[in-house]
Structure formats: structure tokens, C-alpha cells
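Overview (structure and organization)
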Amino acid sequence: MAVAALDDKKAMQITALDMRGISPIADYFIICHGNSEKQVQAIAHELKKVSQEAGLDIKRLEGYDVARWVLIDIGDVVVHIFHKDERLYYNLEKLWGDAAQVDLQEVLNEC
């Protein structure tokens, strides 16, 4: 559901990392970026809306007003929505390089 919502708002380079056994924070990290602050906010807004419609509790949403790195905690899934410049700087995919990447095409086909 999260990946489909991100894709719907044209999030760029969506990546999902399987964090099970690597981090106690969440089972999955989803990472993507937008090309402007407005797009980052639109992506975050859509994800929040879709999550609430599905009855999921947003445990934490941070960074929305500045829109450089928005973090949305949906329990077992933590979504990181970056501005493109911030994504390059923080490079979470490299930081969590031990995590397996999830095949997103398969996930989108199931939606």
C-alpha cells in the first residue's frame, strides 16, 4: 500500500529494504525522494491519507513542514521521503547496506 501511494505521487527511485534481523526499529524501510519541497509534501500527504484510510496508525510523522526529509512511521514500516539533495547526502541505502532490497515490481503487481 505504501509503495503504491508513493508511486502514485511520482516519488523517485523508490527502494524498500528488508530490515528484519538488522534493526529493531522496523521490519522495512522504504526510501524515496521528490524533486522539490512541494513534491515531498505531496508524497507524504498521500501516504498519510492512504494509511489512515486503511486503518493504519501513523505513529510518527516528522519533517513535513521543512520537507527536506520526511519520516513516516507506520509501525513495521518506516518511510523516508527525501528531497533529492538530502537523499544523496544521507545515503541510507549505503548506511543499511546489509539489508536485502525488496523487489518493488512484485509488490506493485500485488496491489
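The following refers to the structure shown. (Residues numbered from 1 in each chain as written. Predicted model: local features only at pLDDT ≥ 70, side-chain atom pairs only at ≥ 80, totals over all residues. Heavy atoms only, no water.)

1. Things to note about the overall build of the chain
The condition is simple: Strands are runs of DSSP state E lasting at least 2 residues, helices are runs of H or I lasting at least 4, and numbering of each runs from the N terminus. Our radius of gyration looks at C-alpha atoms and nothing else; its globule reference is 2.2 Å times the residue count to the power 0.38. Throughout this description, buried means an accessible area under 20% of the type-specific maximum (1.4 Å probe, protein chains only), exposed means over 50%, and partly exposed covers the range between. Only heavy atoms enter the contact rule, under which two residues are in contact if any of them lie within 4.5 Å.
Along its length, the chain carries five helices and six strands. When the helices and strands of the chain are listed from N to C terminus, the series reads α-β-β-α-β-β-β-α-α-β-α. A globule of 111 residues ought to have a C-alpha radius of gyration of about 13 Å, and the chain, at 13 Å, matches this closely. Counting only C-alpha atoms and orienting by the principal axes, one finds that the chain spans roughly 35 × 35 × 25 Å. A buried classification covers 42% of the 111 residues belonging to the chain. Within the chain, counting contacts between residues at least 6 apart in sequence, those at least 24 apart form 56% of the total.

2. Topic: the nonpolar core
Soluble, globular proteins show a tendency: their nonpolar side chains are buried together. Quick reminder of the rule: Nonpolar cores were defined as sets of buried Ala, Val, Leu, Ile, Met, Phe, Trp, Tyr and Cys residues, with membership established by side-chain atoms within 4.5 Å.
Ranked by size, the top nonpolar core spans 22 residues in total, and within it Leu6, Ile14, Ile30, Leu47, Ile72, Val79 and Ile81 carry the most contacts. The biggest single contributor to this core is helix α2 (residues 37–53), with five residues. What isoleucine 30 contacts, discounting residues up to four positions off in sequence, is Ala2, Val3, Leu6, Ile14, Thr15, Ala16, Val77, Val78, Val79 and His80. Counting residues in hydrophobic clusters, the runner-up holds nine residues, among them Ala26, Val78, Leu92 and Ala99.

3. Structural notes on the pattern of salt bridges
Quick reminder of the rule: Salt bridges, as used here, are contacts in which a Lys or Arg side-chain nitrogen is within 4 Å of a carboxyl oxygen on Asp or Glu.
Considering all chains together, one arrives at eight salt bridges under this definition. The partner of aspartate 85 in a salt bridge is arginine 68, with the nearest N and O atoms 3.9 Å apart. Of this pair, aspartate 85 sits in helix α3 (residues 84–90) while arginine 68 sits in the loop between β3 (60–62) and β4 (69–73), and the two are 17 residues apart along the sequence. Residue arginine 68 is classed as partly exposed on the basis of its relative accessible area, which comes to 23%. Notably, a salt bridge pairs arginine 68 with glutamate 86, separated by 3.1 Å at the nearest N-O pair.

4. Overview of the packing of aromatic side chains
Within a pair of aromatic rings, the relevant descriptors are the distance that separates the centres and the angle that separates the planes. Inclusion rule: Working definition: a ring pair exists when centres of Phe, Tyr or Trp rings (six-membered ring for Trp) sit within 6.5 Å. Plane angles under 30 degrees give stacked, over 60 give edge-to-face, the rest tilted.
Tallied over the full model, the rule gives five aromatic pairs. For the ring pair tyrosine 89 and tyrosine 90, a centre distance of 4.9 Å and an interplane angle of 90 degrees mean the geometry is edge-to-face. Given a relative accessible area of 65%, tyrosine 89 falls into the exposed group. The exposure class of tyrosine 90 is partly exposed, given its relative accessible area of 36%. A network of ring pairs unites the aromatic residues Trp69, Phe82, Tyr89 and Tyr90 as a single cluster.

5. As for unusual backbone geometry
Peptide bonds are, in most cases, trans, and in most cases residues other than glycine have a negative phi. One non-glycine residue, glutamine 13, adopts positive backbone phi at about 45 degrees. Structurally, glutamine 13 can be placed in strand β1 (residues 12–18). Although it is not a glycine, alanine 67 adopts a positive phi angle of roughly 60 degrees. When its relative accessible area of 0% is taken as the criterion, alanine 67 is described as buried.

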